[in-house]
Structures are given as C-alpha cells and as structure tokens.
Amino acid sequence: RMSRRAQQLRDHDINPCVAETDASRKCMEENSYDKSVCTDYFLKYKNCRKFWHDIKMERRRNGVKPEMPSAEERKKILESVG
C-alpha cells in the first residue's frame, strides 16, 4: 500500500508533473541509473515544476482557490499557451 505522500504525488490534481516524473524514472531504470543519459528528462521535469509553481504563486497572490489548478483546468491553460 502506498503512503499518503506517494498517493498525492500520483494524483494528477495535486501533481501537475506526473508524466515528467514517470519519464525521468523510466529513463533512469532503462539506463542503469546513469544520470548523464537522462538530462533532457530532468530538464523537462524541472521546467514543468517551475511553470506550475509560478502559476500557483500567481494564484495565491490573487487570492484564487485552489492555488493549484485542477488537472482539467491545467489542460486548458496548456492549450492556451500552446
């Protein structure tokens, strides 16, 4: 059974970067944990986290709840920025 924290990290409404997390982990597993091979995946994950963190902080400043948009709302945001 997964811990509460692990369940949250798998929840698309809480963690907007589940796909990037999974891709990074898969790359590491397939390449015997050689980080140098997976740099692109790490960068995509880092960019994802930064993008959604910035949106979360903006929403917090503007008093928007919830601070992290739902998975459905995030999809619309991503479509609007291309």
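Residues numbered from 1 in each chain as written. Predicted model: local features only at pLDDT ≥ 70, side-chain atom pairs only at ≥ 80, totals over all residues. Heavy atoms only, no water.

The chain is annotated in an unreviewed UniProt entry as Coiled-coil-helix-coiled-coil-helix domain-containing protein 7 of Eudromia elegans. The record in UniProt for the chain states the following under Subcellular location (unreviewed entry): "Mitochondrion intermembrane space". Quoted verbatim from the Sequence similarities (unreviewed entry) heading of the UniProt record, the comment on the chain is "Belongs to the CHCHD7 family." (UniProt positions renumbered as here; feature names shortened; annotations may be inferred.)

Engineer: What is the right way to read the pattern of salt bridges from this model?
Structural biologist: A side chain with one charge can pair with a side chain of the opposite charge if their charged atoms come near. Evaluation of the coordinates by the stated rule reveals seven salt bridges. Across the pair Arg 59 and Glu 73 runs a salt bridge whose closest N-O atoms are separated by 2.8 Å. In this pair, Arg 59 sits in helix H3 (residues 39-61) while Glu 73 sits in helix H4 (residues 71-81), placing the two residues 14 residues apart along the sequence. Overall, the relative accessible area of 10% leaves Arg 59 in the buried class. Accessibility expressed as a relative area gives 32% for Glu 73, which makes it partly exposed. Note that Glu 67 and Arg 60 form a salt bridge whose closest N and O atoms lie 2.8 Å from each other. With relative accessibility at 19%, the residue Glu 67 sits in the buried group. (Salt bridge = Lys/Arg side-chain N within 4 Å of Asp/Glu carboxyl O. Helix = DSSP H or I, 4+ residues; strand = E, 2+ residues; numbered from the N terminus. Buried < 20%, exposed > 50% of the residue type's maximum accessible area, 1.4 Å probe, protein only.)

Engineer: Explain unusual backbone geometry to me, please; I cannot follow it from the model alone.
Structural biologist: Excluding glycine, residues mostly have negative phi values, and the peptide bonds linking residues are mostly trans. Cis peptide bonds are those with omega within 30 degrees of zero, and the linkage from Lys 65 to Pro 66 qualifies with -10 degrees. Among the secondary structure elements, Pro 66 is positioned in the loop between H3 and H4. A positive phi angle, near 50 degrees, is found at Ser 32, a position not held by glycine. By secondary structure assignment, the location of Ser 32 is in the loop between helix H2 (18-30) and H3. Even without glycine at this site, Tyr 33 takes up a positive phi of about 60 degrees. Relative to the helices and strands, Tyr 33 resides in the loop between H2 and H3.

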